[in-house]
Structure formats: structure tokens, C-alpha cells
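# A structural walkthrough
As a plain string of letters, each chain reads:
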Amino acid sequence: MSKPVTAIIVGAGHRSLIYASLAELYPDKLKIVGVADPDDAHREQAVKRFHIAPDMIFHDAEELAAHPRLADAIINGTMDQQHVPTSIPLLKLGYDMLLEKPFCVNEEEMWELYAAAEKYGNKVMICHVLRYAPFYVDIKKRLAAGEIGDIINIQLTEHVAYHHLVVSFVRGKWRSEKVCFAPMLLAKCCHDMDLMMWLMGDDAPTQIASFGSNFAFAPEKMPDGAGNRCLVDCPKAVEEACPYSAQKHYIDHPDRWFFYVWDQFIGKEPAATIDEKIEALKTDNMYGKCVWKCGHDNVDHQSVLVNFESGATGTLNMIGGTAKAERNIHIIGTKGEIKGIFDDSVYEIRRIHQAPGEEPYTTEVVDLKIGGDKSGMTGSHGGGDLRLVDDFVDVCRGETPSISSTSLSDSIRGHLAVFCAEESRKNGTVVSMKDRFKK
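Residues numbered from 1 in each chain as written. Predicted model: local features only at pLDDT ≥ 70, side-chain atom pairs only at ≥ 80, totals over all residues. Heavy atoms only, no water.

If you tally the helices and strands in the chain, you get 16 helices and 15 strands. Expressed along its principal axes, the backbone C-alpha trace of the chain runs to roughly 70 × 60 × 45 Å. Within the chain, the fraction of its 439 residues that count as buried is 53%. Residue pairs at least 24 apart in sequence account for 71% of intrachain contacts in the chain once pairs closer than 6 positions are excluded. With an accessible surface of roughly 19200 Å², the chain has 53% of that area assigned to carbon and sulfur atoms. For the chain, the distance from the average site of its 48 positive side-chain charges to the average site of its 63 negative ones is 0 Å. (Helix = DSSP H or I, 4+ residues; strand = E, 2+ residues; numbered from the N terminus. Buried < 20%, exposed > 50% of the residue type's maximum accessible area, 1.4 Å probe, protein only. Contact = heavy atoms within 4.5 Å. Areas by Shrake-Rupley, 256 points an atom, 1.4 Å probe, with all protein chains shown as cover. Lys, Arg positive; Asp, Glu negative; His and termini not counted. Charge placed at Lys NZ, Arg CZ, Asp CG, Glu CD.)

Below you can see the structure in the form of C-alpha cells.
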């Protein structure tokens, strides 16, 4: 058995700790040996959880980069705008890297990171975890086998539940490009755009058009008399009628999105009480603010239309504020179609059928039922999270990447499509992608 790949966490937030948890399930594959994070509580949480030695604790990526290489790899889970500035100095030292998506926030950064990885010869994988979910892997294999012929059209939808939309993209860290430097399509749906490009294979996108706006939380839709903080100065009648009340979201449901909302209490012993949480929402916790007064200016819904080199077309519809979170897929080919709901782990293959006296198509139902996976690689993103990390470990060991490989070069097309879609949305134009690829 090979020695475990050693890794240092840079940015010890929620996502990094999920990826690092492979070391707890499979210590023979991955060992966490260091951490770098400017937040004391986050850093200490990682130290305790992975038993990190004192000389492997760093304040930030810059301090870590001042040392010679100390491990095989980096798990980089910093904020979006920090990905490229923190990655390049560490790539220069020879680290391989598992890098959270989006791996950059603009096209210039994208090519800068790609050039650095090519120059230093690192193995860089991007955390497009949905590629690793058994649901999408199975569909990819069916497409590769030609089961529905040539793709004519691919349709993807992502319904972002109202509570997720508000916690992340209205009150939270991704509420504005001025704050996170990433539009919502990049921060939330680069997964989905990546899926479209991956499922389309070698068929390159040539044109993109996009539309979207801040619809539900436009200033003119704020209730009359709304206060600045839900639990402080919002009139009772307004607060009780508001579906986005901080009371309803974070006190009546205190464990919902706890890793965002109650970040200030990480490491607190004993755990914060409800009264302490209420006081936080009344004072310095940003999630206690009125949703119309959070400085939110990102879109809450967006549609993207893609034209491919073959003449095939694709659509991605992101709709925020839905009752239920759900991802849907529908792919129509020359011999049949695939249609399914990711969250249910079920899809259908409908094949054109021309036998006399029978229905014009046959239906095969594929029910994957991801729960109860004996590998232990369950969890969020349909079981994709740890499968991604497992593949990264294999790649670091020199083994052949899986069908879901999310190398940096594999991920460029999806990111570039997002940047072009945003250019279209903002300028009201159809954007050509033919001359945007450098490789």
C-alpha cells in the first residue's frame, strides 16, 4: 500500500473540512498535516480535528509560502477572490492542489493560473463535485456509449431554495460582486455550466446569450415600514408576514445553514444558546439584517443559451427563491433522450422505437438511490464530494484520472462560458466564444 498523500488545508472553512474528511475515513489515502487560516477559530478547529503539530500551523497562505514545500498537496478552500493569489506562490513551490470552485473570478485570472500550473507542472484539480455524483457519472457513461445518438439539445435547471438564496446570495458572502468579486452565475452555477460542457464532450461552445436580474429583492419590493434588523426595529406585523424573517430562518430553524449563520460561535464551549443567537442577530450578525438592506445587488435568477460547434444548443436556467431545491436535466439526442432529477437520483432513458402496433418509444427507469453507499462517500452533492477527493489522491499518486476528471484544463471551458454569459447579460449582446480559447 502506498503512503498516504499528505495535505495542508489553506482556508479551513466548511468546504475544506468536508474535503479533508476523507483523511478520517481513509487514513491510508490522505493525511492532513498542516493548516493555514487567518481566523483563529477556524484554524484551531482544524488543529484539533486532524491533530496538527504546532510547527505546521500557519496564519495564512503567505506565511506558508515562505517555507519550503512541507507536504504533497494543498486543499485550497479560501474565498473566491483569494484563489489565484494564494494558489500561484504554492504552485511555484511544487505543491499539487485541490482548488475550490470557482477557481478564479475573471478571465484574466483564469489564464494566469493556467499558465502557472503549466509552467510548474502541478496537478491541479477543481472542486466541480457534481461530476463525481453517481447520477451524473451514469448519464455521462450512457452518452459516451451513444445510447441516445448525437446530442441535439441539453437543458439544465437549478432551483435555488429560498432559504439558500437568502443565506448565501442576499444576506451572505456572495450578495454582491463588490463583496465577493463573483456574480451569482459563477459562485452558484459554475457547477452546472461545467456539467453542460463536460456532458457535451468535445463539442465546443461558440456563442452565448444570457438574461437575468435582481427580481425578488429589488428595492421597490421592500415591504412598507420594514426595519433595518428583523428582531430589532421591524414592525411586528411586517416581520411576521415576511417569509425572509431572521426569526423564521435562523431561530425557528437554528441548525439550518449553521456553518454560515453561526460562524462567530465556532469553537465556543459550551455551545451558544438560543438567547445568545438572538442577541447576535440583533447586533453584529449580518444574518439579522433585513434582506432588502444587505447591499445585495446580484441577480436572483438567470437564463443562459449556448450554441455549440455541431449546431446543438443548450440552456441553463438558474431560478432563486424556489420552495424546493432541485436540479433537473433533459438531453435530447437523435436516437432518444435522457431526463431526470438529480435530487431524486432517478432518470429515464427514452429510446425511439418503431415496432408495428407499439408505443413510439421505450422507457428505461434508472434509480440510483445513492443513500447507503458502502464506500462511505455519501453526503452533499449527491455523494460527489469525497469521490472528488479520492480521485485527487489517485492522481497525486500517478494513477489514471477517472471519467469525472476535473483538472484545471478540463474546467476552463465552463468558467469561460460563465464569463461570456455575464458579458452578454450586462451588455445585451450575443457573445462569440470562438476566439476566447488559448488552448
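One pass over the structure, following the stated rule, counts 16 aromatic pairs. Their ring planes at 85° and their centres at 4.9 Å tell us that phenylalanine 135 and tyrosine 136 sit as a pair that is edge-to-face. The pair phenylalanine 135 / tyrosine 136 is uniform in exposure class, with both members buried. Ring centres of phenylalanine 135 and phenylalanine 342 lie 5.7 Å apart, and the angle between their planes is 65°; this geometry places the pair in the edge-to-face category. Taken together, the residues span a long stretch of sequence, with phenylalanine 135 in helix H7 (residues 134-144) and phenylalanine 342 in the loop between strand E12 (336-341) and strand E13 (346-352) at a distance of 207 residues. (Phe/Tyr/Trp six-rings, centres within 6.5 Å; stacked < 30°, edge-to-face > 60°.)

This next bit is on the environment of alanine 272. Mapped onto the elements of the fold, alanine 272 is located in the loop between helix H13 (258-261) and helix H14 (274-282). Looking at alanine 272, the relative accessible area reads 16%, which means it is buried. Considering only alpha carbons, one finds alanine 272 and tryptophan 262, 10 residues apart in sequence, at a separation of 8.8 Å. Excluding anything up to four places from it in sequence, alanine 272 contacts Phe265 and Lys277.

Here we have nine strands laid out as an open sheet, ordered E14-E13-E12-E11-E7-E10-E9-E8-E15, and mixed in their pairing. Each edge of the open sheet carries a strand with a single partner, namely strand E14 (361-367) and strand E15 (431-432). Relative to E12, strand E11 (residues 326-333) runs antiparallel, the two being bridged by five bridges. Its bridge partner being in E12, histidine 330 is matched across the sheet by lysine 339. Against the sheet, helix H8 (residues 162-169) contacts strand E7 (151-161) and strand E10 (313-322), and its axis sits at roughly 75° relative to E7. (Pairing = 2+ DSSP bridges. Axes fitted to C-alpha atoms, helices over the stretch in contact; angles between N-to-C directions.)

On to the layout of surface pockets, then. Considered as a void within the structure, the second largest pocket measures approximately 350 Å³ in volume. Lining of the second largest pocket is provided by 16 residues; of these, Met197, Gly201, Ser409, Asp410 and Arg413 occupy positions nearest its centre. Of all the elements in the fold, those that place two or more residues in the lining of the second largest pocket are helix H10 (184-199) and helix H16 (408-427). Among the elements that take part in the lining of the second largest pocket, H16 stands out by supplying four residues, more than any other. In terms of residue class, the lining of the second largest pocket is made up of six nonpolar, three polar and seven charged. (1 Å grid on protein atoms, 1.4 Å probe; cavity = no way out; pocket = protein on both sides within 12 Å on 5 of 7 lines; lining within 4 Å. Points joined across faces, edges and corners; volume = space filled by probe spheres on them. Nonpolar A, V, L, I, M, F, W, Y, C, P; charged D, E, K, R; others polar.)

To continue, consider the sheet that holds strand E1 (residues 5-10). The parallel open sheet is built from six strands, whose spatial order is E3-E2-E1-E4-E5-E6. Two strands in the sheet have a free side with no partner beyond their single neighbour: strand E3 (57-58) and strand E6 (124-126). For strand E5 (residues 96-99) and E6, the ladder comprises three bridges, and the chain directions are parallel. For methionine 97, the partnering residue across the bridge sits in E6 and is valine 124. Against the sheet, helix H15 (residues 384-396) contacts E1, strand E2 (30-36), strand E4 (73-76), E5 and E6, and its axis sits at roughly 165° relative to E5.

Taken residue by residue, helix H3 (residues 40-50) has His42, Arg43, Ala46, Val47 and Phe50 as its buried positions. Looking straight down H3, one finds that the buried residues subtend no more than 135° of arc, so they occupy a single side. Residues of H3 that are exposed and point more than 90 degrees away from the buried face comprise Asp40 and Lys48. Along its buried surface, H3 packs onto E1, helix H1 (14-20), helix H2 (22-25), E2 and E3. The opening residue of H3, the one whose side-chain oxygen lies 3.0 Å from the backbone nitrogen of alanine 41, is aspartate 39. (Arc of directions from axis to C-beta. Polar contact = N/O pair within 3.5 Å; in protein donor to acceptor, adjacent residues only side chain to side chain.)

Packing of H8 against H10 brings their axes to within 12 Å, and their N-to-C directions diverge by 130°. The angle between the axes of H8 and H10 places the two elements in the oblique class. Relative to H10, H8 is oriented so that their crossing is right-handed. Contacts between H8 and H10 involve His164, Leu165 and Phe169 from the former and Met184, Ala187 and Lys188 from the latter. For the contact of H8 with H10, the residue count by class is four nonpolar, one polar and one charged. (Parallel < 35°, antiparallel > 145°, perpendicular 65-115°, else oblique. Left-handed = near helix turned anticlockwise from the far one by under 90°.)

Turning our attention to the packing of H7 against H10. Running from N to C, H7 and H10 point in directions that differ by 25°, and their axes come no closer than 10 Å. One finds that H7 runs roughly parallel with respect to H10. Judged by residue contacts, Tyr136, Val137, Ile139, Lys140 and Leu143 of H7 engage Leu195, Trp198 and Leu199 from H10. A breakdown of the residues in the contact of H7 with H10 according to their chemical character gives seven nonpolar, no polar and one charged.

Examined against the element boundaries, serine 16 turns out to sit in helix H1. For serine 16, a relative accessible area of 1% gives the class buried.

This part is about the pattern of salt bridges. Evaluated as defined, the whole model comprises 24 salt bridges. Across the pair glutamate 24 and arginine 49 runs a salt bridge whose closest N-O atoms are separated by 2.9 Å. Highlighted residues: glutamate 24 in helix H2 and arginine 49 in helix H3, separated in sequence by 25 residues. For glutamate 422, the salt bridge is made with arginine 425, and the minimal N-O distance between the two is 3.0 Å. With glutamate 422 and arginine 425 both in helix H16 and three residues apart, this pair spans about one turn of that helix. (Salt bridge = Lys/Arg side-chain N within 4 Å of Asp/Glu carboxyl O.)

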